[in-house]
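Observations on the three-dimensional arrangement
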Amino acid sequence: MSDFGDVRISNDVVATIAGLAAVETPGIAGMSGGISEGLAKRLSGKNVQKGVSVEVGQLETAIDLRVIVNYGSKIHEVCKNLQTNVKESVMSMTGLSVVEVNVKVEGVVFQEEVAEALQRVK
């Protein structure tokens, strides 16, 4: 609380920041909205909140991510970098303390599949 009143940051804002930071992480092919969703939808990037769940309090936030990684990537390294990137982005933009960034890898994609999916989306 400041002298001027309360500042509250919505779940959607934190989810958008986390989603953008996630897709900018090397080795991440895209976000996953769920197993039933098609590859083109998962990789289109049009809705970065897909695959992101957040709980936002007044001072802290917890983030859950569902991602697709590029085949050949070292998944544990990609996920560690992902957690760091998301945490730093959310903390620097919102001032919230990020207490956890949980990552669930829901798929692996070959680069050829990414290129084909992106072509179909265009």
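Here the structure is shown first, and the text comes after it.
The residue numbering used here restarts from 1 in each chain and proceeds along that chain's sequence as written. With pLDDT at 70 or above as the cut-off, local features in this predicted model cover only qualifying residues; side-chain atom pairs require 80 or more to be listed or tallied, and sums for whole chains, interfaces and linings still use all residues. Side-chain measures were taken over the full set of non-hydrogen atoms in the model, leaving aside hydrogen atoms and water.

Quick word on the overall build of the chain
Counting from the N terminus, the helices are DSSP H or I runs at least four residues long and the strands are E runs at least two residues long. Of regular secondary structure, the chain possesses 4 helices and 4 strands. Going from N to C terminus, the chain has its helices and strands arranged as α-β-α-β-β-α-β-α. Per-residue accessibility, obtained with a 1.4 Å probe over protein chains only, is compared with the maximum for each type, and a residue is labelled buried under 20%, exposed over 50%, and partly exposed between these values. Sorting the 122 residues of the chain into buried and exposed places 36% on the buried side. Carbon and sulfur atoms make up 50% of the accessible area of the chain, which totals about 7,500 Å². Only the protein chains shown count as cover for residues, with accessible areas throughout obtained via the Shrake-Rupley method and a probe of 1.4 Å.

A few points about the nonpolar core
With 21 residues, the main nonpolar core has Val52, Ile63, Leu65, Val86 and Val90 as its most contacted residues. Elements supplying a minimum of two residues to this core: α1 (11-23), β1 (28-31), β2 (52-56), β3 (60-70), α3 (75-94) and β4 (97-109). Tallying contributions element by element places α1 first for this core, with 6 residues. Only heavy atoms matter for contacts: two residues are in contact if any of them lie within 4.5 Å across the pair. Ignoring anything within four residues of it in the chain, the contact list for Val90 reads Val14, Ile17, Ala18, Thr61, Ile63, Gly95 and Val98. Here the nonpolar core consists of buried residues drawn from Ala, Val, Leu, Ile, Met, Phe, Trp, Tyr and Cys, with membership extended through side-chain atoms lying within 4.5 Å.

Notes on the packing of aromatic side chains
Two rings from Phe, Tyr or Trp (for Trp, the six-membered ring) form a pair when their centres sit within 6.5 Å of each other. Planes less than 30 degrees apart are called stacked, planes more than 60 degrees apart edge-to-face, and all others tilted. Per the counting criterion, the structure on display carries 1 aromatic pair. Relative to Phe110, the ring of Tyr71 has its centre 4.6 Å away and its plane inclined at 35°; by these criteria the two rings are tilted. Placement of Tyr71 in the loop between β3 and α3 and of Phe110 in the loop between β4 and α4 (111-121) is noted, with a sequence separation of 39 residues between them. A relative accessible area of 55% means that Tyr71 is categorised as exposed. Using a relative accessible area of 38% as the deciding quantity, one classes Phe110 as partly exposed.

So, the pairing of β2
Here β2 runs beside β3; their pairing, made up of 5 bridges, is antiparallel. Bridge pairing in β3 links Ser53 to Asp64. Between any two strands, at least two bridges found by DSSP are needed for them to pair. Count of turn residues in the β2/β3 antiparallel hairpin: 3 residues.

Description of the pattern of salt bridges
Where charged atoms from two side chains of opposite charge come close, those side chains can pair. Salt-bridge detection follows one rule: a side-chain nitrogen of Lys or Arg within 4 Å of a carboxyl oxygen of Asp or Glu. Taken as a whole, this structure holds 3 salt bridges when the rule is applied. In this structure, Arg66 engages Glu106 in a salt bridge whose closest nitrogen and oxygen atoms are separated by 3.7 Å. Of this pair, Arg66 sits in strand β3 while Glu106 sits in strand β4, and the two are 40 residues apart along the sequence. Residue Arg66 is classed as partly exposed on the basis of its relative accessible area, which comes to 24%. In this structure Glu106 comes out as buried when scored by relative accessible area, which is 18%.

Some thoughts on α3
One less than the number of residues in a helix, times 1.5 Å, gives the span that helix is expected to have. The terminal C-alpha atoms of α3 lie 28 Å apart, and with 20 residues this matches the ideal 28 Å at 1.5 Å per residue to within 8%. Taken together, the buried positions of α3 are Val78, Cys79, Leu82, Val86, Val90 and Thr94. The buried residues of α3 occupy an angular sector of 95° when projected down its axis, which confines them to one face. Along α3, the residues that are exposed and aim more than 90 degrees away from the buried face are His76, Lys80, Glu88 and Ser92. Buried positions along α3 lie against α1, β1, β3 and β4. Gly95 sits one or two positions beyond α3 and adopts a positive phi of about 80°. By construction, the arc corresponds to the directions joining the helix axis to the C-beta atoms.

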